[in-house]
Amino acid sequence: MTDDQRELLRIENVVTAYGRGAGVRAVDDVSLTLRKGELLAVIGESGSGKSTLALTALRLLEPRSGRVFFGGEDITHATQRALKPTRRRMQVVFQDPYESLDRRFRVRQIIEEPLLVHGLGANRAERLERVHAALERTGLSPAPLFANRFPHQLSGGQRQRVAIAASLVLEPELLIADEPVSMLDVSARAGVLSLLDGLRRDGDMAVLMITHDLAVAAHYADRIAVMYLGRVVEEGPAHKVVRSPVHPYTRALLSVVPPKDPLAPFHPQLLEGEIPPLTAVPAGCRFASRCPDVAPVCATVDPPLMDIGGRHSVACTRATRQAATPAHQGAAE
Ligand code: ADP
Ligand code: MG
């Protein structure tokens, strides 16, 4: 397959704002590509625009500018009706499985609902078969036992598995998981994360996982995109971003992840100050006010994301001064 055929989701220079008029730009000129079967982790502090980006990719929000492609098709301004077949192919799992599951319904009905919405499964028996298969795939076995329960009769981890099953039943090509384990007990987290990882490995399903846990991203992702105040500031293969981070923000985030070896040196670098509000985005580099490597140039130059080689891009004037080409200009790989 060529690279083009492997491409599933492409976001190009997307701006998504809230409010009337120009609004506040929660996502401000972001470009990202996700290939079939790939797991991309989007990380960044709360408020950096991760959920807004996910909602834009799903076209649950319409961008102010830029374009969104899914499976090669431009869906940027597609109507809800035109989007319906695409909706089956891109599913989402949210943070809080208790909120996202309708507590009046049994698990069986919760997972059957998407089939009914999309007119899948010839009859009740066939739909039930698919419901059971989806439950088994998420590790809720024996399926008939779980199918008859109500959400309140399940643990947090089991409820998140039901939410995942309600997506899987549609056999999506892309699953967007927005902080899928942050509401779960620590003991349930690893199970749900390895479930998501396993599903994309067996099923060739791509996963866009939002997390604020860099250790999780490092462990599961093929690629990592780091967001700061509506922008992607670094993006690349997970091993490169984790082992040789270039952007000072990524370096700071990584420095606070404790090493596995408790005797290894550990020098957490705490960032001073708060993320500036979206209503007062600084001119120049948006990270300058908190950057440990800040230089005078950073007050005036707003650094674009530059390719530093090997599908690794960084938006930092100082770090990319040499040997970088603008990212996302179709540069040969
Ligand atoms: P993250 O998921 O990284 O925490 P969000 O995408 O939720 O970030 O939010 C990005 C910015 O957009 C934040 O400043 C947030 O306050 C703002 N925002 C998010 N949702 C809305 C909304 N519905 N209306 C107005 N502002 C919003
Ligand atoms: Mg969020």
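Residues numbered from 1 in each chain as written. Chains lettered and ligands numbered in written order. Predicted model: local features only at pLDDT ≥ 70, side-chain atom pairs only at ≥ 80, totals over all residues. Heavy atoms only, no water.

In the annotation of an unreviewed UniProt entry, the chain is listed under the name ABC transporter ATP-binding protein and assigned to Planosporangium thailandense.

Visitor: What is the right way to look at the UniProt feature "domain: ABC transporter" (unreviewed entry) in the chain in this model?
Guide: In the UniProt entry, the feature "domain: ABC transporter" (unreviewed entry) is given for residues 9–254. Between the end C-alpha atoms of residues 9–254 there is a gap of 27 Å, over a span that is 42% helix and 25% strand. (UniProt positions renumbered as here; feature names shortened; annotations may be inferred. Helix = DSSP H or I, 4+ residues; strand = E, 2+ residues; numbered from the N terminus.)

Visitor: When you look at the environment of Val42 in this model, what are you seeing that I'm missing?
Guide: Topologically, Val42 is positioned in strand S3 (residues 39–43). The buried category is assigned to Val42, whose relative accessible area is 1%. For Val42 and Ala221, which are 179 residues apart along the polypeptide, the C-alpha to C-alpha distance reads 9.4 Å. Excluding residues that lie within four positions of it along the chain, Val42 makes contacts with Lys50, Leu208, Met209, Ile210, Thr211, Ala225 and Met227. (Buried < 20%, exposed > 50% of the residue type's maximum accessible area, 1.4 Å probe, protein only. Contact = heavy atoms within 4.5 Å.)

Visitor: Got a minute to help me understand the pairing of S3 in this structure?
Guide: For a regular strand, side-chain orientation follows a simple rule: the groups alternate between the two sheet faces. A large share of S3 lies buried, amounting to 5 of its 5 residues. Going residue by residue along S3, you find Leu39, Ala41 and Ile43 tucked away on one face and Leu40 and Val42 tucked away on the opposite face as well. Pairing between S3 and strand S8 (residues 206–210): 4 bridges, direction parallel. Looking at S8, one finds that Leu40 is bridged to Leu208. (Pairing = 2+ DSSP bridges.)

Visitor: I keep staring at the packing of aromatic side chains and nothing clicks. Help me out?
Guide: The geometry of an aromatic ring pair comes down to the distance between the two centres and the angle between the two planes. Tallied over the full model, the rule gives 3 aromatic pairs. Ring centres of Tyr228 and Phe287 lie 5.0 Å apart, and the angle between their planes is 80 degrees; this geometry places the pair in the edge-to-face category. Here the residue Tyr228 occupies a position in strand S9 (residues 223–228), and Phe287 occupies one in the loop between helix H12 (248–255) and strand S11 (306–307), the gap between them amounting to 59 residues. Overall, Tyr228 belongs to the buried group, its relative accessible area being 1%. (Phe/Tyr/Trp six-rings, centres within 6.5 Å; stacked < 30°, edge-to-face > 60°.)

Visitor: Explanation requested: the site of ligand 1 in the structure shown.
Guide: The local shell around ligand 1 consists of Tyr18, Ala26, Glu45, Ser46, Gly47, Ser48, Gly49, Lys50, Ser51, Thr52 and Leu278. Within the backbone of Gly49, a nitrogen or oxygen atom sits 3.1 Å from an oxygen atom of ligand 1. In the model, an oxygen atom of ligand 1 is placed 2.5 Å from a nitrogen or oxygen of the Thr52 side chain. For the shell around ligand 1, the element with the most residues is helix H2 (residues 50–57), which contributes 3 residues. The residue makeup of the shell around ligand 1, split by class, is 3 nonpolar, 6 polar and 2 charged. (Near = heavy atom within 4 Å. Polar contact = N/O pair within 3.5 Å; in protein donor to acceptor, adjacent residues only side chain to side chain. Nonpolar A, V, L, I, M, F, W, Y, C, P; charged D, E, K, R; others polar.)

Visitor: Before we go on, may I ask you to explain the side chain of Thr16 in this structure?
Guide: Among the secondary structure elements, Thr16 is positioned in strand S1 (residues 7–18). On the basis of relative accessibility, which here comes to 1%, the residue Thr16 falls in the buried class. Here Thr56 takes part through its side chain, which lies 2.9 Å from a polar atom of the side chain of Thr16. Non-local contacts of Thr16, meaning those with residues more than four positions away in its chain, are made with Val24, Arg25, Ala26, Val27, Thr52, Thr56, Leu61, Glu62, Pro63 and Arg64.

Visitor: Please clarify how the nonpolar core should be interpreted in this entry.
Guide: Proteins that are soluble and globular tend to have nonpolar side chains buried together. Counting 59 residues, the largest nonpolar core has Ile111, Leu135, Val162, Ile164, Ile224 and Val226 as its most contacted members. Residues Ile11, Leu53, Leu174 and Leu208 belong to the second largest nonpolar core, which totals 31 residues. (Core = buried A, V, L, I, M, F, W, Y, C linked by side-chain atoms within 4.5 Å.)

Visitor: So what exactly am I meant to see when it comes to the sheet that holds strand S4 (residues 65–70) here?
Guide: One key point about sheets: their strands pair by backbone hydrogen bonds, in either a parallel or an antiparallel sense. Pairing is antiparallel in the open sheet, where 4 strands are placed in the order S2-S1-S4-S5. A single partner strand is all that each edge strand has here, and the edge strands are strand S2 (24–35) and strand S5 (73–74). Where S1 and S2 come together, 9 bridges link them in antiparallel fashion. Its bridge partner lying in S2, Thr16 is registered against Val27.

Visitor: Explain the pattern of salt bridges here, please?
Guide: If charged atoms from side chains of opposite charge come close, those side chains can pair. Summed over all chains, the structure comprises 17 salt bridges. Here Arg200 makes a salt bridge to Asp222, at a shortest N to O gap of 2.7 Å. Of this pair, Arg200 sits in helix H9 (residues 186–203) while Asp222 sits in the loop between helix H10 (214–220) and S9, and the two are 22 residues apart along the sequence. For Arg223, the salt bridge goes to Glu235, with nearest N and O atoms at 3.1 Å. (Salt bridge = Lys/Arg side-chain N within 4 Å of Asp/Glu carboxyl O.)

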